[in-house]
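Spelled out, the chains give:
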Amino acid sequence: MTARMSNCTPPDSTTPGPSATLLVIGGGIAGASVCFFAARRGWAVTLIDAGQGRASDVPTALLNLVRGQSGKVDVRALAGLHLGWALIRELEGQGHRVPHGQTGVLRPLASDAARAKFEANLPPGMPHQWLAPADSPFEVAPGWPHLLFLPQGGWVAAGALVAALVTASGAALKPARASAWDAHSATLESGEVLHADAVVWCGGSVGASWGGATWGGGTGFDPGGFSHRAGSLLLLERAAAPLPVSAGVYLAPAALEGGAVQGGELGGVLGATFEAPSSRYALIGPPLRSLHWLLERAATLSADLSPAVTGLWTGSRLSGERTGPQPGGWWALAGLGSKGFLLGPLLARGLVEQLSGRLGKHPGSGPADLLTERDLSSLDG
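Residues numbered from 1 in each chain as written. Predicted model: local features only at pLDDT ≥ 70, side-chain atom pairs only at ≥ 80, totals over all residues. Heavy atoms only, no water.

J.: Please set out the overall build of the protein residue by residue, giving values where relevant.
T.: Of regular secondary structure, the protein possesses seven helices and 20 strands. Expressed as a percentage of its 381 residues, the buried residues of the protein come to 53%. Sequence separation of 24 or more characterises 73% of the internal contacts of the protein that already satisfy a separation of 6 or more. Total accessible area computed for the protein in this model is approximately 15,500 Å², and 53% of it derives from carbon and sulfur atoms. (Helix = DSSP H or I, 4+ residues; strand = E, 2+ residues; numbered from the N terminus. Buried < 20%, exposed > 50% of the residue type's maximum accessible area, 1.4 Å probe, protein only. Contact = heavy atoms within 4.5 Å. Areas by Shrake-Rupley, 256 points an atom, 1.4 Å probe, with all protein chains shown as cover.)

J.: Which residues make up the nonpolar core, and what values go with them?
T.: Leu22, Val34, Leu91, Leu161, Leu333 and Phe341 are the most contacted members of the largest nonpolar core, which totals 71 residues. Among the elements that line this core, the one with the most residues is helix 6 (residues 340-359), at nine residues. Not counting chain neighbours up to four residues away, the residues in contact with Val34 comprise Leu22, Val24, Val200, Cys202, Leu333, Ala348 and Val352. With 20 residues, the next largest nonpolar core counts Trp144, Leu147, Ala240 and Leu294 among its residues. (Core = buried A, V, L, I, M, F, W, Y, C linked by side-chain atoms within 4.5 Å.)

J.: Before we move on, can you summarise the pattern of salt bridges with the specific residues and values?
T.: On inspection of all chains with the given rule, the structure shows eight salt bridges. A salt bridge links Arg76 to Glu321; the nearest nitrogen and oxygen atoms lie 2.8 Å apart. In this pair, Arg76 sits in the loop between strand 4 (60-63) and helix 2 (77-93) while Glu321 sits in strand 19 (residues 309-325), placing the two residues 245 residues apart along the sequence. A salt bridge links Arg115 to Glu119; its shortest N-O distance comes to 3.1 Å. (Salt bridge = Lys/Arg side-chain N within 4 Å of Asp/Glu carboxyl O.)

J.: Please give an account of the sheet that holds strand 5 (residues 100-101) that cites residues and values.
T.: In space, the three strands of this open sheet follow the order 4-9-5, with antiparallel pairing throughout. Every interior strand has two partners, whereas the edge strands, strand 4 and strand 5, have only one. Two elements, strand 5 and strand 9 (residues 154-157), share two bridges in a ladder whose sense is antiparallel. Within strand 9, the residue paired with Gly101 across the bridge is Trp155. Against the sheet, helix 4 (residues 158-169) contacts strand 4 and strand 9, and its axis sits at roughly 60° relative to strand 9. (Pairing = 2+ DSSP bridges. Axes fitted to C-alpha atoms, helices over the stretch in contact; angles between N-to-C directions.)

Purely spatial values, then, with no claim about function.
Below, the structure written as structure tokens:
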């Protein structure tokens, strides 16, 4: 049986009807962002999502420019950060609830050499402050002579952002698993076939282990160089720090179970342990050694370890960035790893613009896009 998509126009669209149809496979931050930006152009979008194993359901995602032990900053990070905050503001202006905090991110450093390395990697003009421990916005544990404060960073309730993007897009949701896809169709496990002008695959770690697509020499469990990393974080009754603090692991606020908890305080998270990369998807709980390491690292970050642990979140993220047209004629936005929430919306917007040019038909005349690149460069976060 063949199913054709109904015309779905996003809220506030000024176009009488879409001029292109799009299938998006995978409903994490990448797929939700593609849905949103395609719908802004007046396209009819159908989202195929099985709702399984999404790393994008992590309770709290950090919007953090400086990552890793070297302090390197992705050249796209600042534009991605600005677009992310603008997106959240627009969604909340439409009435969607997206708990977040543009609070800044604190990055402790243990030595003068580490500070020098980070300073060398900071892009010119990127807002930041170096703080002494006595000037920290909260009491950090001893042993950190240098604190790098990134005022434009913060945190967001990941699942709420993804849900708001999908809802705002008006995409038709197909709760199913795609078993195969090509340039203009996707076959579901039930045998149903959906057709569209274009197909964008945004599967995550679990999605990369499904389907019959060829990834330039790899199929099935090892699709062309992707790697899978299972990881876990602990849910806390309240935040152990008022803003994200990150050094190997991170402590951050979190809107758990609908938001504020007793006393008006937000919950918190301690994350994240990530196991050794694997060529296969395997979602397992954290080994005891990982929990031990996680708790030990937490004790080096915050002087307050009194919040109770209330739960455990485990997921798997996909690394091996793949963006744009694929040899089979379909498109991909996947493998963003830990940068999904920082770069996903920015890359989705660019992919939709590129795809619009390739389709060879008018993309529609939906509402103006969020921000131009000039607008992005003028924001102060």
